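# Chain and residue survey
Residues per chain are reported as follows:
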Amino acid sequence: MAHSLSTPSFPEEVLEHVFSFLSSDKDRNAVSVVCKSWYEIERCCRRRIFIGNCYAVSPRTVIQRFQDVRSVELKGKPHFADFNLVPEGWGGYVHPWIAAMAAAYPWLEEIRLKRMVVTDESLELISKSFKNFKVLVLSTCEGFSTDGLAAIAANCRNLRELDLRESEVEDLSGHWLSHFPETCTSLVSLNIACLGSEVSFSALERLVARSPNLRTLRLNRAVPLEKLPILLHRAPHLVELGTGAYSAESRPDVFSNLAEAFSACKQLKGLSGFWDLVPAYLPAVYSVCSKLTSLNLSYATIQSPDLVKLICQCHSLQRLWVLDYIEDAGLEILARSCKDLQELRVFPSDPYGAEENVPLTERGLVAVSEGCPKLHSVLYFCRRMSNAALVAIARSCPNFICFRLCIIEPRTPDYLTLEPFDTGFGAIVERCKELRRLSLSGLLTDRVFGYIGQHGKKLEMLSVAFAGDSDLGLHHVLSGCESLRKLEIRDCPFGDKPLLANAAKLETMRSLWMSSCSVSFGACKLLAQKLPRLNVEVMDERGPPDSRPESCPVEKLYIYRTVAGPRFDMPDFVWKMEEGAGLRYS
Amino acid sequence: MESIVAHENDLNLKATELRLGLPGTDESEKESASCTKNNKRSLPECAEESAKNDDLDAQHGDCEAAPAAKAQIVGWPPVRSYRKNSLQQKKAEAETGFYVKVSMDGAPYLRKIDLKVYKGYPELLKALEYMFKLTIGEYSEREGYRGSEYAPAYEDKDGDLMLVGDVPWEMFMSSCKKLRIMKGSEARGLGCGV
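Residues numbered from 1 in each chain as written. Chains lettered and ligands numbered in written order. Predicted model: local features only at pLDDT ≥ 70, side-chain atom pairs only at ≥ 80, totals over all residues. Heavy atoms only, no water.

Taking an unreviewed UniProt entry as the reference, chain B is identified by name as Auxin-responsive protein belonging to Coffea arabica. Per UniProt, the comment on chain B under Sequence similarities (unreviewed entry) is "Belongs to the Aux/IAA family." UniProt lists a comment for chain B under the heading Subunit (unreviewed entry), and it reads "Homodimers and heterodimers." (UniProt positions renumbered as here; feature names shortened; annotations may be inferred.)

For chain A, an unreviewed UniProt entry supplies the name Protein TRANSPORT INHIBITOR RESPONSE 1-like and the organism Coffea arabica.

## Quick look at the nonpolar core
If you look at soluble globular proteins, the nonpolar side chains tend to sit buried side by side. Core analysis: the biggest nonpolar cluster contains 197 residues, and Phe262, Leu295 and Phe403 of chain A have the highest contact counts within it. Ranked by the residues each element gives to this core, the list is headed by helix H20 (residues 521-530) of chain A, at 6 residues. Beyond its immediate sequence surroundings of up to four residues, Leu295 of chain A is in contact with Leu271, Phe274, Leu310, Ile311, Cys314, Leu317, Arg319, Leu320 and Trp321 of chain A. By size, the runner-up hydrophobic cluster in this structure holds 25 residues, among which are Leu115, Leu125, Tyr154 and Phe172 of chain B. (Core = buried A, V, L, I, M, F, W, Y, C linked by side-chain atoms within 4.5 Å. Buried < 20%, exposed > 50% of the residue type's maximum accessible area, 1.4 Å probe, protein only. Helix = DSSP H or I, 4+ residues; strand = E, 2+ residues; numbered from the N terminus. Contact = heavy atoms within 4.5 Å.)

## Observations concerning helix H14 (residues 387-396) of chain A
The complete set of buried residues in H14 of chain A reads Asn387, Ala389, Leu390, Ala392, Ile393 and Ala394 of chain A. Contacts made by the buried residues of H14 of chain A are with helix H13 (362-371), strand S16 (402-407) and helix H15 (422-431) of chain A.

## Some words on the packing of aromatic side chains
Under the defined criterion, the tally for this structure stands at 25 aromatic pairs over all chains. When the centroid spacing of 6.0 Å and the interplanar angle of 40 degrees are considered together, the rings of Phe255 of chain A and Tyr281 of chain A count as tilted. Taken together, the residues span a long stretch of sequence, with Phe255 of chain A in helix H10 (residues 252-263) and Tyr281 of chain A in the loop between strand S11 (270-272) and strand S12 (294-297) at a distance of 26 residues. Exposure remark for Phe255 of chain A: the relative accessible area of 26% places this residue in the partly exposed category. Judged by its relative accessible area of 1%, Tyr281 of chain A is buried. A ring pair is formed by Trp169 of chain B and Phe172 of chain B, whose centres lie 5.3 Å apart and whose planes are at 40 degrees; its orientation type is tilted. With Trp169 of chain B and Phe172 of chain B both in helix H4 (residues 169-175) and 3 residues apart, this pair spans about one turn of that helix. The burial state of Trp169 of chain B is the same as that of Phe172 of chain B; both residues are buried. (Phe/Tyr/Trp six-rings, centres within 6.5 Å; stacked < 30°, edge-to-face > 60°.)

## Focus: the sheet that holds strand S5 (residues 150-155) of chain B
All names here are of chain B. Spatially, the 5 strands line up as an open sheet ordered S2-S1-S7-S5-S6, and their pairing is mixed. Two strands in the sheet have a free side with no partner beyond their single neighbour: strand S2 (111-114) and strand S6 (161-163). Averaged over all pairs of adjacent strands, the angle between their axes in this sheet comes to 35 degrees, without regard to strand direction. Two strands pair when backbone bridges link them, and strand S1 (residues 99-104) and S2 are joined in this way by 4 bridges, in the antiparallel orientation. The residue of S2 that forms the bridge with Tyr99 is Asp114. (Pairing = 2+ DSSP bridges. Axes fitted to C-alpha atoms, helices over the stretch in contact; angles between N-to-C directions.)

## Section: unusual backbone geometry
For the bond running from Trp76 of chain B to Pro77 of chain B, omega is -5 degrees, close enough to zero to count as cis. Checked against the element boundaries, Pro77 of chain B lands in the loop between helix H1 (28-35) and helix H2 (81-95). Even without being a glycine, Asp491 of chain A presents a positive backbone phi close to 55 degrees. Note on placement: Asp491 of chain A falls in the loop between strand S19 (486-490) and helix H18 (496-501). A residue is classified by how much of its surface remains accessible, and Asp491 of chain A, at 1% relative accessible area, is buried.

## Quick notes on the pairing of strand S15 (residues 377-382) of chain A
Residues and elements named next belong to chain A. With 6 of 6 residues buried, S15 lies mostly within the body of the structure. Burial along S15 is two-sided: the face carrying Ser377, Leu379 and Phe381 and the face carrying Val378, Tyr380 and Cys382 are both buried. Pairing of strand S14 (residues 343-347) with S15, which is carried by 4 bridges, proceeds in the parallel orientation. Bridge pairing in S15 places Val346 opposite Tyr380.

## Examining the pattern of salt bridges
All names here are of chain A. Applying the stated criterion across every chain yields a total of 42 salt bridges over all chains. Its salt-bridge partner being Lys374, residue Asp340 comes within 2.9 Å of it at the nearest N-O pair. Within this pair, whereas Asp340 is found in the loop between helix H12 (327-337) and S14, its partner Lys374 is found in the loop between H13 and S15, the two being separated by 34 residues in sequence. In this structure Asp340 comes out as partly exposed when scored by relative accessible area, which is 29%. Under the relative-accessibility criterion, Lys374 is labelled partly exposed at 43%. Ionic pairing is found between Arg542 and Asp540, a salt bridge with its closest N-O pair at 2.7 Å. The exposure class of Asp540 is buried, given its relative accessible area of 1%. The network of salt bridges with shared partners includes Asp25, Arg28, Glu42, Arg46 and Arg65. (Salt bridge = Lys/Arg side-chain N within 4 Å of Asp/Glu carboxyl O.)

## Quick notes on the packing of H14 of chain A against H15 of chain A
All names here are of chain A. Following both chains from N to C, one finds H14 and H15 inclined at 5 degrees, their axes separated by 7 Å at the closest point. As summarised for this structure, H14 and H15 are arranged roughly parallel, according to the angle between their axes. Residues Asn387, Leu390, Val391, Ile393, Ala394 and Arg395 of H14 lie in contact with H15, whose contacting residues are Asp422, Thr423, Gly424, Phe425, Ala427, Ile428 and Arg431. Looking at side-chain class alone, the contact of H14 with H15 contains 7 nonpolar, 3 polar and 3 charged residues. (Parallel < 35°, antiparallel > 145°, perpendicular 65-115°, else oblique. Nonpolar A, V, L, I, M, F, W, Y, C, P; charged D, E, K, R; others polar.)

## Re the UniProt feature "domain: F-box" (unreviewed entry) in chain A
Per the UniProt entry, the sites bearing "domain: F-box" (unreviewed entry) are residues 10-51 of chain A in this numbering. With 62% helix and 10% strand, residues 10-51 of chain A has end C-alpha atoms that lie 30 Å from one another.

## Observations regarding the pairing of strand S20 (residues 511-515) of chain A
Residues and elements named next belong to chain A. Counting buried residues in S20 gives 5 out of 5 residues, a clear majority hidden from the surface. Every second residue of S20 is oriented toward a common face, with Ser511, Trp513 and Ser515 on one face and Leu512 and Met514 on the other, all of them buried. Pairing of S20 with strand S22 (residues 556-561), which is carried by 5 bridges, proceeds in the antiparallel orientation. Looking at S22, one finds that Ser515 is bridged to Lys556.

## Looking at the side chain of Asp276 of chain A
Among the structural elements, Asp276 of chain A can be located in the loop between S11 and S12. Within the local environment of Asp276 of chain A, its side chain forms a polar contact with the side chain of Arg221 of chain A, the two groups lying 2.7 Å apart. (Polar contact = N/O pair within 3.5 Å; in protein donor to acceptor, adjacent residues only side chain to side chain.)

Here it is as structure tokens:
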């Protein structure tokens, strides 16, 4: 065969077939910029899109490029909205997306939303527009009620997943569940844990009974423990179970029913729920412990000895979420019993108390990192820490992907040396070469940011609070962290200079959040002027920023890259810095 | 938020100039550092070596003005509202009373009492006697309440009408939904093995 000078081209169908093996967005994005024809082929066959910031692109642009999408994932509000730092009404409305997709993607099957405002109207539109709709995941969303859920239940004939993960739902009635028709037998996953009021138990039981493929069931607190065995008997193939309230009067028959029901669930791998946990009923789950890989006890307000009795039987445990009631002693036992542990989250039982209310300190985390070689993800709230401990942790676990430490009192120093934690966190970023997410706390100077900039080459998300001395800190991060996508900062003395000096960097990131820092209004305007592909939003509840001097710092600043231009759904305390004009009011 | 320290003379345009130089390579850097308005809330005395600004102590309107207790910082520690509410609900339940309705046969309206206030049956019965101006009598396992035409009963979680006093106090507390003071022949029927 003669070689021509131009590259041989595969027929489109072949390329399309090859691309169909690419599931990761990154790979698909990479492929689409190789050349025009690959771009065209790829865009026709992409079925799944992920949009990390719903304001980064407009629905119309997405629809123009990708014509036959089956699965959409959208994220709205900035992460700090979880901690009430983003005022009500900021935005993140999903309706424009639903309306646009209803027209363009009749075969859409999956919608996953995070931190977005979803209305009953949107839910109704979803339920009526997509004939083959299968998956709805609403993570930390708000704005809808059980009426919207009723529409989904009633109209989505092939619904597989309904997951309301920690959303805020207006609970008008528990009867929405009865709207699932008798013909609906396709459910695989149902998570209603966040619902406050009772759902109709008989409707729930019937639904579970006619869903042979149900593998994940997360109940809400209102489902009483005495009734749990009924559901378990209907769904013995469950893989993930979230109990309702885990308390009942001491009655041997209730206990034995429960224990028997659990032992019939041979495939159970994950447990959660456990509100109001009564220790007397914990042994009912012992029969499934050895197979458990995931255990969420973070709502169980029981003491360490009871926690330990359960955990030390879970030899296959990979993920544990627990309250600090577990204490250092409990964590030491965890370290000895659960050698496959990959993820640990320890939440504070008394986050606003001034004093340590339980003996949970750096010791627990050190023990787990020493004992569990596969540990790669940590979220740990405590009141005391030392650089020595952090260095030891870094040495034991060089494979950390996610390390989030919250020393509860801001600016707490190393309790042994009274020094800042620069060395400790420095050790973490230096040793953990794969670190993608880091949250800092405690007393920290600019030095720690130097280390982060120097070593955090794979760092994608960084959260900073009450740290640093000067602009240099922020500059180190912006200039050094090559993979940085999300940066969120609060209450740090960072000002205009590092932002302006690293302005171009901001276009390589998804977003930057800064609140209670020292960035001036003037700098915001300047940034917006120089970088038209950034939306620079100023949130200030004191009134329009131009009613104060330009050098005056803004309360909150949210900068994100976008190809969608300015947004028009901002509330009156958010100002977008326009190129040229200066100020635009919503 | 409170009023801001004005920096009219300090516009320092050079500081906001877009350039690639490192901050700190210019002496104007020190100036701007000290002029930066500090939005930090007042925080207790940790070893503060980074304190360069004097306005660290500025109290802000949105912090609770609680000099005795620590001012709670908005959004800190970073615990999601969902989780906070769960914990708070638990605490609230522990702190608020446990009020149950009390009806008396023949009375025009019901009353409410807080069961948490009482440590045991004797106290509860005494309180009922006081509230309704009656005597309830002595409890015995065999005969219920003797010596009066009244018998205290309660409705439990299953909706059954039970005689007060048979089960341990704690169990009673967790299963009692409402109280009913029965009178006359009905009351006697409850106590005896008829």
